[in-house]
Amino acid sequence: MPHDHHSAAGPGRLKPSEARKISGAATWASLSVALILTVAKGVVWYMSGSVALLASMADSLLDLTASLTVFFAVRYAAEPADAEHRFGHGKAEAFASILQAMLVAVSAALLLREGVAHTINPVTIEASGWALGVMTLSIALTLGLLIIQTRAIAKTGSVAIEGDRAHYLTDLGANIAVMAGIAGSVFFGLERLDGLAALAVAVWLAHAAWQVARKALDQLMDRELPDTEREEIRTLVEADPRILDIHDLRTRAAGPLVHIQFHMALDPDMSLADAHKVLVDAENRLLAVYPAADILIHADPHGAAEPHGAAFFGGEAETADGGH
C-alpha cells in the first residue's frame, strides 16, 4: 500500500526547506499578534489600572520574547548539517521550547503574587470599556493565530510552534478570564473578581509551562518516536522480501528532522553489491515518507555473524538475526 508522507504530522515528514517555509509564516503571524497585543494592552492598562489587564500585558510581552526565539529557532533548526553539527541543527527547536516554558513559569509566579495581593486588597477599575475592548481584540487576534499555528503543526509537527501555540491557548483562556473579572468588578461590584481572574491565569500558565517543557525534553533526551511510527518504519523496510529481519531499531526526533538507524539481516551468500542495492532501496522507501530523515543501516549476514556491537542497553550485543 502506498504511503502518503503528508498524511500525519511529525518530524521528518517534510523536507527541511518546506518545513521552514510553513513554520516561517506561522512565526511571522505570532510576532505580529504579540506586538499588537502588547502595545494595546499596555496603553489600556495605563488608562484603567486593571491588575488582570496588567497581568495579561506582561504575558503578551513574554509571548513576544518567546515568539522572537521561535522565529529564529525554526529557521536555524532547518539549516543543513555542517562540519560542526553533523546531525543538523534540529534540537534548536527544543531549546526554544525550554525557554518558552521558563518564561511561562516566571509569568505564572508573577501573576500568582499579583493575584493574591489584589484579591486581598482590591483596586477600583476605571476605563472599563477600553479594557473590555482590548480584551475582545486580543481574543479575536489570538483565535486567528491559533488557526494558523494549528495548521502549521499539522503539516510540520514543529515542537517549537507547538510550544508557541501553548502560549496563545493560555492567552485565550486568560483573556476570557480577564474579561469576566473586569465585567464582574464593574457591573456587579465584585472587585475581588479581578484578582481572582489573575490567579486563574497563573494556574493555567503553570500547567502550560509543564506541557511545553515535557515535549521539549523528549527531544533533548532523544526519546524514541511513537510506537505507531516505529511500526511504520518496520513495515516500510520489511516490504522487501530480500530483507530477512531488522533489529536494534533506534529513532529520535530533532526539530524538523528524524534520525533512524537499525541492523538489517540479509542472505549471507548475497554479494556486497547486491546488499548495497537492498540498503539503498530501503533508504528510498523510508525517504519517501520521511524526506528529512538521517538513515544509518548496518547489514548483517543472517545467522552467520558473531555477536557484535556495544552493549548499549546493558545487555549483550545482538547477533545478525536479532538474537543474543
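How each quantity is defined
Residues numbered from 1 in each chain as written. Predicted model: local features only at pLDDT ≥ 70, side-chain atom pairs only at ≥ 80, totals over all residues. Heavy atoms only, no water. Helix = DSSP H or I, 4+ residues; strand = E, 2+ residues; numbered from the N terminus. Buried < 20%, exposed > 50% of the residue type's maximum accessible area, 1.4 Å probe, protein only. Areas by Shrake-Rupley, 256 points an atom, 1.4 Å probe, with all protein chains shown as cover. Pairing = 2+ DSSP bridges. Right-handed = clockwise from strand over helix to strand, strands pointing away. Arc of directions from axis to C-beta. Contact = heavy atoms within 4.5 Å. Core = buried A, V, L, I, M, F, W, Y, C linked by side-chain atoms within 4.5 Å.

**Student:** Mind showing me how you'd approach the overall build of the protein chain here?
**Tutor:** From N to C terminus, the protein chain includes eight helices and three strands. Reading the secondary structure of the protein chain in the N-to-C direction produces α-α-α-α-α-α-α-β-β-α-β. For the protein chain, the proportion of its 324 residues judged to be buried stands at 49%. Approximately 15,600 Å² of the protein chain is accessible, and the part contributed by carbon and sulfur atoms is 65%.

**Student:** Would you explain the pairing of strand 3 (residues 293-301) in this entry?
**Tutor:** Strand direction decides the pairing type here: strand 2 (residues 257-266) and strand 3, joined by nine bridges, are parallel. From the neighbouring strand, Phe262 faces strand 3, where its bridge partner is Ile297. You can see the chain leave strand 2, run along helix 8 (residues 272-289) and come back into strand 3, and the turn it takes is right-handed.

**Student:** I would appreciate a short explanation of helix 7 (residues 227-237) in the present structure.
**Tutor:** By the burial criterion, the buried members of helix 7 are Glu229, Arg230, Glu232, Ile233, Leu236 and Val237. Axial view of helix 7: buried residues confined to an arc of 155°, hence all on one face. Along helix 7, exposed side chains directed more than 90 degrees from the buried face belong to Asp227 and Thr228. Looking at the buried residues of helix 7, the elements they touch are strand 1 (245-254), strand 2 and helix 8.

**Student:** I would appreciate a short explanation of the nonpolar core in the present structure.
**Tutor:** Nonpolar side chains in soluble globular proteins tend to be buried together. Of all hydrophobic cores here, the largest spans 23 residues; its most connected members are Ile233, Val237, Ile243, Phe262 and Met264. Per element, the largest residue contribution to this core is six residues, and it comes from helix 8. Core analysis: the next-biggest nonpolar cluster, separate from the first, contains 12 residues, Leu31, Val33, Ile139 and Leu145 among them.

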